[in-house]
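Okay, here's what each chain looks like letter by letter:
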Amino acid sequence: MALDVTKTHVLHEWKYGKPMIACRYEPQGRFLFSSSEDYSLQRWNAESGEKIAWEAHDSWVRDFAFLPDGETVISAGCDDRIIFWPTAAEKPEPKVEVAAHKGWVRCVDVNGDGSLIASGGNDRLVKLWSPDGKLVKELAGHERDVYSVFFHPDGRFLLSGDLDGKVHQWEVATGKLARTFEAKDLHSYNGGQGVHYGGIRDITLSADKKTLAMTGLHKASNPLGAVNEPLNYLFDWESGKEVRKQPADGIKGIGTNIDFLSDGTELVASGGSGGGYLLFFKAGEEKHFHNLKLKDTVRGMSVHPDGLRVATTHYDGHIRISKMTEKAA
Amino acid sequence: MSRWLHQRADDVCSLRCSVTALCVVVALAGKVAAFADAPGRPDVPPLPEPATVKQQDLPLLHPQIDALVDASLAASGVSAAEPASDGEFVRRIYLDLIGRVPGVDETREFLVDAAANTDARTQLIDRLLDSPEHVRRMQYVLDEMIMERRGGANVPDAEWKAWLRQSVADNRSWSWIANEILSADGAETEKRPPAKFYLDRDFASEVVTRDVGRVFLGVDLECAQCHDHPNIETYLQRHYYGINAFLSRSYVFTDAKSKKKMLGEKAEGEVKFTSVFTSEEGGTAPRLLDLPPIADPEGTAGEYVAKPDKTTRGVPKYSRRQQLAEQMTAPENLDFRRNIANRIWALMAGRGLVEPLDVRHAGNPAAHPELLSLLAERLRDSGDDLRWLMREIALSNAYQRSSSPIEVEASDAADAQVVQASLDEAAETSDEGSSEPAAVADFQAARIKPLSPEQLAWSVMQVLGVTDRTLAAKQAELAKKDGDAGAKKADDPVWQEQMLGEALKSNVDQFAAQFAGQGGQKTGFDATANQALFLINGSLVQGWLEPISGSLTERLLKIEDNGQLADELFLCVLGRQPNAEEAAEFQSVLGGADDRTQAVKDLIWALLASAEFRFNH
Amino acid sequence: MARNIGCNVIDHAVSRRGFLGAASAAATVGGLLTPAQAEAVQSGQKRILQLFLQGGVSQFESWDPKPGTKYGGPFRAISTSVPGTQICELLPHTAQRMHQVSIVRSINLKTNDHGQGRLFMEKGRRAGEFPYIGSVAAKYLSPKNPPLPGYLHITTRGLTDNTNAFLEAQHAQMRLEGVQAPANLARPDKVADEAARRREEIRSRLSQRFAGRSGQKAFVESFESSFELADRLMSQKPLFDAEPSAKDVERYGSHPFGQRCILARKLLENGATCVKVTHHGYDTHAENFNFHLEQLGEYDKTACMLLDDLHDSGMLDSTLVMIYSEFGRTPKVNQRYGRDHWGASVSVAAGGCGIKPGVVVGSTNPEGTEVADREVDAGDLFHTWFQALGIDSTADHTIPGKTIPIGDPTKAPIEELLA
């Protein structure tokens, strides 16, 4: 069945039982990996929903990445570590453990040929690692916590986004800062509450490599009370110019993840005080043209390599698999 | 005493005491029946309707006040201070009745009148009580007494104050005002203002129960919430819960449409309580202190005019809250009158017959119990007419005494100090509960009273010419706009008072922000550095000292003779002539000044910021 | 309950992750003290520093970490300079100074309301008109003619409370808008010093004459003392005007909380009795962990610099340091990664004057959902603070017409916390 996002419906609801955090499909599409507030990781059979769970980090895991062949999964922990695991092992044991950052590792990504792993953390650094866990480069320049990293598919550049709403574009070979995208509205400082808030929660690039997209939140009138709305920023990759902002008006939440689908639709997951949503945008339009409200708030999202299924992690201890096609008869 | 409590408390520390506020009022030994002078239901005629009581039909109260006070002074062998001079009197009575010092012309006019006319003081009292400014004064007084400067936005301040003003302007009785407040539910827009008492206390049970006792009965039962009061033998847990039972069925209801909060009430529910000390359980029907409990009428349990649900405000067939209003103001409730009589006495005399104003009980009786009962009973007979009570107090010799206890002559200054010391001692002793010397100290001479924030604001504006300047400008504006009709309206004192109240409100608010502590009517005094800085450096007062047209500075600068200028300066600001020493000092400053304008400003400020101006004396 | 013996020994584990700055070597050398510090030490005055973490700091993310448990959240516990005592990794600087600070982990406030929690913590009573700790301290610890108002609160938000209740108005909290000087502290440009002095002399003489012939000298004395205090406060204007030194800014941080703590130190050195500094931003109903990272990251180093300065000048022995909130935060992490209001198992920390250092009082159950041992509340804390300051909290305030116990008579000081 063909992609039709307006027909998106929940296909499966798989229970883990503890509040979930992040998730990611393995590139071959066999498994979905997820993390939970109980410090464990879960591996789900992408078809059957059969799962294993194991004690992994000494803290929460906020992101995953995979080496290109899909046989190695890398988890980014709030215990300062990234850990490499064999994807399909019956009982996963760490292959490589790296004390990667001082403070949380918030994000991790792998380049196209699998030669470099990038991580970002609360020490405001971006670090590049070899697949055997050796430090290759340290990229300093962020002034606040690094929230997201993303390798350009061409492999020449790495993008990293921070709490300040800045996305740095690094030249991988030299470690030089090539340019910075400023998504100003994705950060705010609330003087009354004395807090900085927002951040680049996720970064992606369109299939034609022309549009850089990122998501987060704006209209944070009460950060501590979760009064804010999701917002995407789109930039033209060539010129570096801002193309458009895409506010999800009236929805109380944070854009947690963003991905482009095969028809060019942007898919954004939003979680927050307004509940959980899948939001669908067209790159040429400001407003989302469709949304699906999910049963519980969303904390993480990943699109299956088939481009038709999307997994979301939820506070209520469930994984939900939604299918972006017409319902099977 | 507190050690005892502490040990005692160890035994019960596992018990839950939601209010562990053990105010220990130093009690006199001896067992006295609670509220001894109000046992049961005395045989009292029904309360007259206020409108039917004519003041001239009432026997004069002030001679009776003086008879009691004089007898008490005589018994103590203390002689009263001299009567206040006309100058002393005119400043005092303006402040007490209309809330500001007299303008210099008003002072002069009275001094001339008083020199020739033996009825001048009585006539001035009547004129001031009739003036629109008395309405403003009482609006401030009642607001502070009832709302205790707590703010709140469920009933906007402006609407509440407008309601108070109208009540005073109509000379509504205190029982009428109390009835409106205690029965209010805030549901109907036009009857909403008096609901401020409940709604801007968020109708929190412990707050409104306590404040009904404090504000309307002069008893602070907070400590009796969890147990019979540990130190006041006559504050019992059932007193607290007796009041609470009138209110416990009421609740805050938010109207879905207007989003306004109002009170709903259920038609059932009883009050039970447990002592945290003795674990004894009790229950009570609604009752006011030791008046009889009020049983619900037969067949009203669960009966509704409007049954409460999420969208419907509950209205029972029989309202206990309505009963509270009726019982409170019923003629047999003399405690209700004792409280207000004490508060009005405190307002005029500078100190309540019972102090603190909300801690009346057998162990802390009135400094002069007979006098308090007299005031309370006669107030009831008057139809709870506060204006009449203020008039009678103002007419008494006790009120009209000088605030200097002893004339200090150079030759007997030493003796005077001895007497003063003994009076100071007496005043201190009174703080520890011995009532007799306090009575003497209270009645021997007039007490000095700190100006309220509002009195201070209006007095400063009067003296510095702000009020008159504003009035003149507004009158001219009106005459220009509406011609003769405007000019005529501009002469109407009611219009003038209202216009000035609005025009100068923000100034008054600035004074209130600095000088008003939170809390209700008090007779003590203290001062903060912030307040002094406001007077020393604040741009408001500094700006008013500039020699602009219509300002006091400008007027004084027109006087060339330094002696005349000093005389006028004292009369304008303090309402009196300078003594020789003061005159010499001021003339010397003026004579030696390079910058005469600055010198005049400095001298005005020095008088305005002195203790003599800060107090009513 | 561990008590530290070896002072400057820091558990090696503290720096296992290597992101802690080196412990600053404390040098208590008399010659290094400023005259103000020296006088503050010699005066014998006792004082309070209150660091108020407004909104309700999470006990899990500060003094009572429960890593790896159901509600523990992502942060880990770190060892401290007191063997056996661990606190949250968000407080690495404090961890190094744990031998100067003690913790109470077993507070049950029985309220989840900001207002009620704050009032309870400040008044030691759940309800009623009672003075705040700062006002009580101002009354009983201030010298007769204090150079500064006794109770100063550096904040930019918050309510105007009746902090002095029935105590004299001069003991009320004076609120400072951040590091700005109090309102009306500056003389208007047009009033020259000489003229100001002259008019004040005339004013004061008039008041004295009035006092002589009125029946109530105490009223006039109170009035006059407000002018004297205003005068002294005006002479302290440079305290507010002076830019902090580059070194202070570097150590305390250039953020507002750093600036406020520098001012707090100056005020304490110059004779203030109680200085409260409010650090905002702990009411973390959403993103509790991100916000605690941010807020405690700012708090930890700054507060420790202030603690170090008090320690190095010798003032810590006479300064009670309170680190507290109106309550704590829920064990349960909500949908938005937030924690909500929680009064049932709250922690505070304290140190300095009269406090036994390095102690942990009480405990919560393994998941931190309730007090397991030695339950106390803010009434007990209130007694403890004043006992630590040498004030008999079981004695009475004597005010006209009544006496009122200073502390709630049904509560008692926490003896384990007292030196």
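Now for a quick tour of the structure. This one's a predicted model, so the numbers in the text were calculated from it and none came from an experiment. (Residues numbered from 1 in each chain as written. Chains lettered and ligands numbered in written order. Predicted model: local features only at pLDDT ≥ 70, side-chain atom pairs only at ≥ 80, totals over all residues. Heavy atoms only, no water.)

Considerations on the packing of helix 6 (residues 132–147) of chain B against helix 8 (residues 174–183) of chain B
All names here are of chain B. Here helix 6 crosses helix 8 at 45°, and the two axes come no closer than 13 Å. Comparing the axis directions of helix 6 and helix 8 gives the class oblique. Remark: the crossing between helix 6 and helix 8 carries right-handed chirality. Across from Leu142, Met145 and Ile146 in helix 6, the residues of helix 8 making contact are Trp174, Ile177 and Ile181. Taken together, the residues that form the contact of helix 6 with helix 8 break down as six nonpolar, no polar and no charged. (Axes fitted to C-alpha atoms, helices over the stretch in contact; angles between N-to-C directions. Helix = DSSP H or I, 4+ residues; strand = E, 2+ residues; numbered from the N terminus. Parallel < 35°, antiparallel > 145°, perpendicular 65-115°, else oblique. Left-handed = near helix turned anticlockwise from the far one by under 90°. Contact = heavy atoms within 4.5 Å. Nonpolar A, V, L, I, M, F, W, Y, C, P; charged D, E, K, R; others polar.)

Brief notes about the nonpolar core
Leu464, Phe511 and Val573 of chain B together with Leu51, Leu267 and Tyr299 of chain C are the most contacted members of the largest nonpolar core, which has 146 residues in total. Broken down by element, the residue count for this core peaks at ten residues, all from helix 10 (residues 288–312) of chain C. Once residues lying within four places of it in the same chain are set aside, the contact partners of Val573 of chain B are Val463, Leu552, Ile604, Leu607, Leu608 and Phe613 of chain B. By size, the runner-up hydrophobic cluster in this structure holds 94 residues, among which are Ala195, Tyr198, Phe246 and Tyr399 of chain B. (Core = buried A, V, L, I, M, F, W, Y, C linked by side-chain atoms within 4.5 Å. Buried < 20%, exposed > 50% of the residue type's maximum accessible area, 1.4 Å probe, protein only.)

Topic: the interface of chain B and chain C
Every contact between the two is made by 73 residues of chain B and, on the other side, 64 residues of chain C. Summed over both partners, the interface of chain B with chain C comes to about 6,000 Å²; 58% of that surface belongs to carbon and sulfur atoms. Viewed at the interface, chain C and chain B are joined by five salt bridges. With its nearest N and O atoms 3.6 Å apart, the salt bridge here joins Arg209 of chain C to Glu585 of chain B. The tally of links from chain B across to chain C stands at eleven residue pairs in polar contact (both at pLDDT 80 or more). (Buried area = accessible area lost by both parts, 1.4 Å probe. Salt bridge = Lys/Arg side-chain N within 4 Å of Asp/Glu carboxyl O. Polar contact = N/O pair within 3.5 Å; in protein donor to acceptor, adjacent residues only side chain to side chain.)

Digging into the environment of Phe515 of chain B
By the secondary structure assignment, Phe515 of chain B is in helix 21 (residues 505–515). What Phe515 of chain B contacts, discounting residues up to four positions off in sequence, is Pro453, Leu456, Gln531, Phe534, Leu535 and Arg614 of chain B.

Regarding the environment of Trp60 of chain A
Residue and element names in this part refer to chain A. Positionally, Trp60 belongs in the loop between strand 5 (51–55) and strand 6 (61–66). When the C-alpha positions of Trp60 and Met20 are compared, they lie 9.8 Å apart, and in sequence the two are 40 residues distant. Here Glu37 takes part through its backbone oxygen, which lies 3.2 Å from a polar atom of the side chain of Trp60.

Focus on the interface of chain A and chain C
Contact residues are listed per partner, giving 36 residues for chain A and 30 residues for chain C. Of the roughly 2,600 Å² buried between chain A and chain C on both sides combined, carbon and sulfur atoms contribute 53%. Where chain A meets chain C, there are two salt bridges. A salt bridge links Glu287 of chain C to Arg201 of chain A, with the shortest nitrogen-to-oxygen separation between them at 2.9 Å. Viewed at the interface, chain C and chain A are joined by 15 residue pairs in polar contact (both at pLDDT 80 or more). For the side of chain A that touches chain C, the secondary-structure elements that each account for two or more residues are strand 2 (20–25) and strand 19 (195–198) of chain A. Considering every element that reaches the side of chain A that touches chain C, the biggest residue donor is strand 19 of chain A, with three residues. The residue makeup of the side of chain A that touches chain C, split by class, is 15 nonpolar, eleven polar and ten charged.

Some words on the pattern of salt bridges
Residue and element names in this part refer to chain A. Throughout the structure, instances matching the rule amount to 97 salt bridges over all chains. Across the salt bridge formed by Glu71 and Arg30, the nearest N and O atoms sit 3.3 Å from each other. Of the two residues, Glu71 sits in the loop between strand 6 and strand 7 (72–77) while Arg30 sits in the loop between strand 2 and strand 3 (31–36), which places them 41 residues apart along the sequence. Glu71 sits in the partly exposed class, given a relative accessible area of 32%.

Looking at the packing of aromatic side chains
Under the counting rule described, the total for this entry stands at 42 aromatic pairs over all chains. Each ring, one from Phe181 of chain A and one from Phe235 of chain A, has its centre 5.1 Å from the other, and the planes form 65°; the classification is edge-to-face. Pair noted here: Phe181 of chain A is in strand 17 (residues 176–182) and Phe235 of chain A is in strand 22 (residues 227–236), with a separation of 54 residues, a long-range link. Classification of Phe181 of chain A as buried rests on a relative accessible area of 1%. Among the residues examined, Phe235 of chain A registers a relative accessible area of 4% and is labelled buried. When the centroid spacing of 5.8 Å and the interplanar angle of 20° are considered together, the rings of Trp160 of chain B and Trp163 of chain B count as stacked. Residue Trp160 of chain B and its partner Trp163 of chain B are located together in helix 7 (residues 157–169), separated by three residues, close to a single helical turn. Joined through ring pairs, the aromatic side chains of Phe31, Phe33, Trp54, Phe64, Phe66 and Trp85 of chain A make up one cluster. Its end group placed over the ring of Trp237 of chain A, Arg179 of chain A keeps NZ or CZ at 4.9 Å from the ring centre. Here the basic side chain of Lys266 of chain B rests over the ring of Tyr251 of chain B, its NZ or CZ set 5.1 Å away from the ring centre. (Phe/Tyr/Trp six-rings, centres within 6.5 Å; stacked < 30°, edge-to-face > 60°. Lys NZ or Arg CZ within 6 Å of the ring centre and 35° of its normal.)

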